[in-house]
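# Structure at a glance
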Amino acid sequence: MNIVKFFIYQVLLTFIGITNNLFFSFLNELTLFEYKFVLSLVKVPITMLILYFIFRLYYLLNMKLRYKILIHISAFIVGFVILGLLSGSIKA
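First, a word on scope: everything that follows refers to the structure included in this document.

Procedures and definitions
- Within any chain, residue numbers begin from 1 and follow the written order of that chain's sequence.
- Totals for whole chains, interfaces and linings use every residue, but because this is a predicted model, local features are given only for residues with pLDDT of at least 70 and side-chain atom pairs only at 80 or more, for both listing and counting.
- To obtain the side-chain values, all non-hydrogen atoms of the structure were used and water was disregarded.
- Secondary structure elements are defined from DSSP: runs of H or I of at least 4 residues count as helices, runs of E of at least 2 residues count as strands, and each element is numbered from the N terminus.
- How far a helix is expected to stretch is found by multiplying one less than its residue total by 1.5 Å.
- Relative accessibility decides the category of a residue: with a 1.4 Å probe and only protein chains considered, values under 20% of the type maximum give buried, values over 50% give exposed, and everything between is partly exposed.
- In this analysis a 1.4 Å probe is tested at points of a 1 Å grid over the protein atoms alone, and where it fits but cannot get out there is a cavity; an open set with protein on both sides within 12 Å along at least five of seven lines is a pocket; lining residues have an atom within 4 Å of a point.
- Grid points are joined across faces, edges and corners, and a volume is the space filled by probe spheres set on the points.
- Residue polarity follows a fixed list, in which Ala, Val, Leu, Ile, Met, Phe, Trp, Tyr, Cys and Pro are nonpolar, Asp, Glu, Lys and Arg are charged, and the others, Gly among them, are polar.
- Pairing of aromatic side chains requires ring centres within 6.5 Å, counting the rings of Phe and Tyr and the six-membered ring of Trp. Pairs whose planes differ by under 30 degrees are stacked, by over 60 edge-to-face, and all others tilted.
- Whether a charge sits over a ring comes down to the Lys NZ or Arg CZ being within 6 Å of the ring centre and within 35 degrees of the ring normal.
- To qualify as a nonpolar core, a set must consist of buried Ala, Val, Leu, Ile, Met, Phe, Trp, Tyr and Cys residues joined through side-chain atoms within 4.5 Å.
- In what follows, residue pairs with any heavy atoms lying within 4.5 Å of each other are defined as contacts.

Right, let's get into helix α2 (residues 36–60). Taking 1.5 Å of rise per residue, the 25 residues of α2 would be expected to cover 36 Å, and the 36 Å separating its terminal C-alpha atoms lies within 8% of that figure. Of the residues making up α2, those classed as buried are Leu39, Ile50, Ile54, Leu57 and Tyr58.

In this model, the largest pocket occupies a volume close to 170 Å³. Leu13, Thr14, Gly17, Ile18, Asn20, Thr47, Ile50, Leu51, Ile54, His72 and Phe76 are the residues that line the largest pocket. Of all the secondary structure elements, the ones that give two or more residues to the lining of the largest pocket are α1 (3–29), α2 and α3 (65–89). A per-element tally of the lining of the largest pocket places α1 first, with five residues. In the lining of the largest pocket, the residues fall into six nonpolar, five polar and no charged.

The subject of this paragraph is the packing of aromatic side chains. The geometry of an aromatic ring pair comes down to the distance between the two centres and the angle between the two planes. The final tally for this structure, using the stated rule, is five aromatic pairs. One aromatic cluster is present, built from ring pairs that chain together Phe6, Phe55 and Tyr58. Over the ring of Tyr67 we find Arg66; its NZ or CZ atom is 5.4 Å from the centre of that ring.

This part takes up the nonpolar core. Ranked by size, the top nonpolar core spans eight residues in total: Phe6, Leu13, Ile50, Ile54, Leu57, Tyr58, Leu61 and Ile71. Secondary structure elements with two or more residues in this core: α1 and α2. Counting residues per element, this core draws most heavily on α2, which supplies four residues. If we ignore the near neighbours within four places in the chain, the residues touching Ile54 are Gln10, Leu13 and His72.

Further remarks concern the side chain of Lys68. With respect to the secondary-structure elements, Lys68 resides in helix α3. In contact with Lys68, not counting residues within four places along its chain, are Phe6, Tyr58, Leu61 and Met63.

Mapping Arg56 onto the fold places it in helix α2. Look at Arg56 and you get partly exposed, because its relative accessible area is 43%. Through-space distance from the C-alpha of Arg56 to that of Asn21 is 21 Å; in sequence the pair is 35 residues apart.

Here's what the structure looks like:
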């Protein structure tokens with residue numbers, strides 16, 4: 001796998017992880033759902049699937065682990081900044 005592909009996939013998985021967390025925290029605040037257990041039963045498999053794809057990408061790239069982690073951290077920062085800029089420009 002190419003380093004650029006790995007970086008782009010990590011940025012996309014960062015988007016998915018952050019939006020997953022924001023969506024379920026929004027649903028937790030609603031009074032529509034009385035039991036938080038049902039939301040947890042939905043959130044945990046989705047989070048596990050995201051983590052599965054993140055760690056699967058680690059095995060596809062042939063580099064040292066420390067470089068993979070550095071690329072992952074930089075992709076997380078870039079994804080967080082881009083998502084913050086996008087959410088700041090959208091008037092909700």
